[in-house]
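Below, each chain spelled out in residue letters.
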Amino acid sequence: PWLFFSIAGYLYFRDETDGVIIDNFTAPQFDAFKLMIILHLILYLPAAFVVMRYSAIKLFMDEISENLPLVTHTIVTLTFIVLIVGIVLMLNGTGMASGVAFSLVMNLNGGVSGTFCSFILPTLIYLKMFKNDGSWKYREVQFIHYLGYIIMFLVGSMTILGVL
């Protein structure tokens with residue numbers, strides 16, 4: 001269905017499509033529609049949010065998210081939502097949601113998370129699952145694991161130096 005909606009939207013707006021979807025609807029009758037989209041975007045909890053909440057609860061409360069009482073779970077969830085929406089509003093209000101600062105954040109995020117997902121996490125899983133038997137393969141995985149940290153540092157450094 002999303003592919004159908006995307007194609008229909010493009011065929012309707014063609015080259016006049018704005019990057020921010022709600023800017024495409026300028027007539028007053030679309031105000032309620034825009035409000036529904038904004039509420040959906042604020043209240044929709046993507047998988048990354050669920051993982052962040054689960055990780056934060058485990059890290060700071062040493063508890064599994066599902067085992068929390070409903071009230072505590074709801075408070076933690078709403079706190080994260082308010083925090084994230086507040087950060088987004090602050091970034092938009094200060095003009096930092098576009099331009100060099102935004103590009104820097106996106107490049108750092110992509111470089112660090114891409115390196116983590118490509119080098120560090122797979123090798124960490126291997127190193128935790130298998131015992132160090134002194135084999136060449138185990139040493140090779142260790143090397144790639146440590147190389148991932150070096151690459152992550154270099155990507156972060158080069159991204160920051162590229163902006164300066």
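Conventions and cut-offs
Residues numbered from 1 in each chain as written. Predicted model: local features only at pLDDT ≥ 70, side-chain atom pairs only at ≥ 80, totals over all residues. Heavy atoms only, no water. Helix = DSSP H or I, 4+ residues; strand = E, 2+ residues; numbered from the N terminus. Buried < 20%, exposed > 50% of the residue type's maximum accessible area, 1.4 Å probe, protein only. Contact = heavy atoms within 4.5 Å. Areas by Shrake-Rupley, 256 points an atom, 1.4 Å probe, with all protein chains shown as cover. Lys, Arg positive; Asp, Glu negative; His and termini not counted. Charge placed at Lys NZ, Arg CZ, Asp CG, Glu CD. Axes fitted to C-alpha atoms, helices over the stretch in contact; angles between N-to-C directions. Parallel < 35°, antiparallel > 145°, perpendicular 65-115°, else oblique. Left-handed = near helix turned anticlockwise from the far one by under 90°. Patch = residues over 30% accessible without salt bridge, like charges linked within 9 Å, V, L, I, M, F, W, Y side chains within 5 Å. Salt bridge = Lys/Arg side-chain N within 4 Å of Asp/Glu carboxyl O. Phe/Tyr/Trp six-rings, centres within 6.5 Å; stacked < 30°, edge-to-face > 60°.

A separate point is the overall build of the protein chain. Looking only at helices and strands, the protein chain features six helices and zero strands. Each of the three principal axes of the protein chain carries a C-alpha extent, and together these read 70 × 45 × 35 Å. Relative to its 164 residues, the protein chain shows a buried fraction of 18%. Sequence separation of 24 or more characterises 45% of the internal contacts of the protein chain that already satisfy a separation of 6 or more. Counting only carbon and sulfur atoms, one obtains 73% of the accessible surface of the protein chain, whose full area is about 12,600 Å². Taking the average place of the 8 positive charges on the side chains of the protein chain and the average place of its 10 negative ones, the gap between the two points comes to 14 Å.

Let us look at the packing of helix 3 (residues 47–61) against helix 4 (residues 70–94). The geometry of helix 3 relative to helix 4 is characterised by a closest axis approach of 11 Å and an angle of 120° between their N-to-C directions. Considering the angle they form, helix 3 stands oblique to helix 4. Classified by chirality, the crossing of helix 4 by helix 3 is right-handed. Taken together, the residues of helix 4 that come into contact with helix 3 (itself represented by Phe 49, Met 52, Arg 53, Ala 56, Ile 57 and Met 61) are Thr 72, His 73, Val 76, Thr 77, Phe 80, Ile 81 and Ile 84.

Looking now at a nonpolar patch on the surface. A contiguous nonpolar surface patch, about 540 Å² in accessible area, is contributed by Phe 116, Leu 121, Leu 124, Ile 125, Met 129 and Phe 130. Note on placement: Ile 125 falls in helix 5 (residues 99–129).

Each aromatic ring pair is characterised by the separation of its centres together with the angle its planes make. Inspection of the entire model under this criterion finds four aromatic pairs. Between Phe 49 and Phe 80 the ring centres are 6.3 Å apart and the planes differ by 90°, which places this aromatic pair in the edge-to-face class. One end of the pair, Phe 49, is in helix 3; the other, Phe 80, is in helix 4, with 31 residues separating them in the sequence. Residue Phe 49 is classed as buried on the basis of its relative accessible area of 8%. Between Tyr 126 and Phe 130 the ring centres are 4.7 Å apart and the planes differ by 40°, which places this aromatic pair in the tilted class. An aromatic cluster of three or more residues is present, and its members are Tyr 126, Phe 130 and Tyr 138.

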